[in-house]
Amino acid sequence: MTRQSINDLIAFLAVARERSFTKAAAKLGVSQSALSHTVRGLETRLGLRLLTRTTRSVSPTEAGERLLSSIGPRFDEIESELAALSEFREKPAGTIRITAGEHAADAILWPALERLLPDYPDINVEIIVDYGLTDIVAGRYDAGVRLGEQVAKDMIAVRIGPDMRMAVVGAPAYFDRQLKPQAPAELTDHNCINLRLPTYGGVYAWEFEKEGREVKVRVEGQLVFNNAQLRLNAALSGLGLAFMPEALVWQPLSDGRLVRVLEDWCAPFPGYHLYYPSSRQTSPAFALLVNALRYRG
């Protein structure tokens with residue numbers, strides 16, 4: 001295969017994955033017109049249309065999807081092997097991309113990075129905050145962070161945090177107007193602050209467990225967010241009940257700004273795990289990060 005063919009395929013992969021000539025050009029460090037010319041040249045040589053272009057979007061054709069799915073993983077393997085060669089450097093180096101929720105990024109990832117990175121200036125870390133159940137392979141992430149029960153069985157999972165509990169909380173002013181719920185089913189009578197999950201486009205059903213009995217409640221209310229801090233702010237303002245990780249509401253519960261209900265229905269569950277494909281070639285930089293994150297409680 002000629003160098004030109006390799007470069008053309010790299011150009012196609014960038015556009016197909018980004019679904020945009022503008023974003024792909026910026027990623028590759030070339031002009032948009034040069035990138036478009038390269039892809040058209042590849043299509044001409046193959047005698048196939050690989051991309052469907054409109055004024056607003058770019059998407060692979062059926063032939064483009066086949067090429068993307070067949071050669072994409074192979075180029076990823078090459079990049080992974082090249083990254084693994086950093087073990088021959090004096091110091092670990094490379095870029096690590098991780099997707100995680102806001103709470104995990106703030107409570108787990110950031111403290112570890114704060115300790116690790118000053119000693120390894122050649123390691124770069126990119127964290128994308130995302131509440132969706134992102135496909136880390138398709139998204140070209142090195143790893144993701146999920147709760148233990150959400151990690152797929154074909155992934156390597158490393159525990160990076162303790163067991164967690166959720167808490168249903170509201171401001172004292174809210175309970176001045178409403179009776180405290182005694183069972184999860186009574187939440188349907190309350191103004192609840194919802195969380196929208198981007199993966200499915202719906203709102204999260206609040207999950208409870210007591211003495212082996214599991215209950216899911218689809219609550220309603222005036223407010224829906226995809227952000228933990230906004231849900232907390234709304235609860236503190238007395239605008240409704242929020243279902244939050246216990247660690248996020250410990251302080252306002254301690255100082256009386258929030259009141260907790262249904263505590264006996266909030267059972268512990270497996271905490272955060274870092275996960276990555278079993279086929280991934282582990283670089284020294286990635287191994288260092290995994291070790292820094294590993295939960296030892």
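These numbers come from a predicted model, not from an experiment.

The rules we used
Residues numbered from 1 in each chain as written. Predicted model: local features only at pLDDT ≥ 70, side-chain atom pairs only at ≥ 80, totals over all residues. Heavy atoms only, no water. Helix = DSSP H or I, 4+ residues; strand = E, 2+ residues; numbered from the N terminus. Contact = heavy atoms within 4.5 Å. Areas by Shrake-Rupley, 256 points an atom, 1.4 Å probe, with all protein chains shown as cover. Lys, Arg positive; Asp, Glu negative; His and termini not counted. Charge placed at Lys NZ, Arg CZ, Asp CG, Glu CD. Buried < 20%, exposed > 50% of the residue type's maximum accessible area, 1.4 Å probe, protein only. Pairing = 2+ DSSP bridges. Axes fitted to C-alpha atoms, helices over the stretch in contact; angles between N-to-C directions. Parallel < 35°, antiparallel > 145°, perpendicular 65-115°, else oblique. Left-handed = near helix turned anticlockwise from the far one by under 90°. Nonpolar A, V, L, I, M, F, W, Y, C, P; charged D, E, K, R; others polar.

Draft legend 1. Layout of the overall build of the protein chain. The number of helices and strands found in the protein chain is nine helices and 14 strands. Counting only C-alpha atoms and orienting by the principal axes, one finds that the protein chain spans roughly 75 × 50 × 35 Å. Long-range pairs, those at least 24 residues apart, make up 73% of the contacts in the protein chain with a sequence separation of at least 6. When the accessible surface of the protein chain is summed, it comes to about 16700 Å², and 51% of that surface belongs to carbon and sulfur atoms. Side-chain charges of the protein chain comprise 34 positive and 35 negative groups, with the mean position of each set lying 5 Å from the other.

Draft legend 2. Layout of the pairing of strand S5 (residues 143–147). Most of S5 sits out of view: five of its five residues are buried. Pairing between strand S3 (residues 94–100) and S5: two bridges, direction parallel. Note that in S5 the partner of Ile98 across the bridge is Ala143.

Draft legend 3. Looking closely at the sheet that holds strand S6 (residues 155–159). What the five strands build is an open sheet, ordered S4-S3-S5-S14-S6; its pairing is mixed. With partners counted over all chains shown, the strands left at the sheet margins are strand S4 (123–129) and S6, one partner each. Across the sheet, the mean angle separating the axes of adjacent strands is 30° when strand polarity is ignored. Bridging between S5 and strand S14 (residues 272–277) involves four bridges; their strand directions are antiparallel. From the neighbouring strand, Val145 faces S14, where its bridge partner is Leu274. Contacts between helix H5 (residues 102–116) and the sheet are confined to S3, S4, S5 and S14, with S4 contributing the most and set at about 170° to the helix. The sheet contacts of helix H9 (residues 284–293) involve S3, S4, S5, S6 and S14, and relative to S14 the element is tilted by about 160°.

Draft legend 4. Here's a closer look at the sheet that holds strand S12 (residues 242–245). Strand order across the open sheet formed by three strands is S12-S7-S13, with antiparallel pairing between neighbours. Only two strands of the sheet have a single partner each, and these edge strands are S12 and strand S13 (259–261). The average undirected angle you get between the axes of adjacent strands in this sheet is 50°. In the sheet, strand S7 (residues 166–170) pairs with S12 via four bridges, with the strands oriented antiparallel. Considered in S12, the bridge of Val169 is made with Ala242. Its contacts with the sheet put helix H7 (residues 228–236) on S7 and S12, and the angle it makes with S12 is roughly 130°.

Draft legend 5. Region of the structure containing the environment of Ile10. Structurally, Ile10 can be placed in helix H1 (residues 3–18). Linking Ile10 and Ile71, residues 61 residues apart in sequence, is a C-alpha distance of 9.6 Å. Non-local contacts of Ile10, meaning those with residues more than four positions away in its chain, are made with Leu28 and Phe75.

Draft legend 6. Highlighting the packing of H1 against helix H2 (residues 21–28). One way to put it is that H1 packs onto H2 with a least axis distance of 8 Å and a crossing angle of 130°. Comparing the axis directions of H1 and H2 gives the class oblique. As for the relative orientation of H1 and H2, their crossing is right-handed in sense. Judged by residue contacts, Ile10, Ala11, Ala14, Val15 and Glu18 of H1 engage Phe21, Lys23, Ala24, Lys27 and Leu28 from H2. Residue composition of the contact of H1 with H2, grouped by class: seven nonpolar, no polar and three charged.

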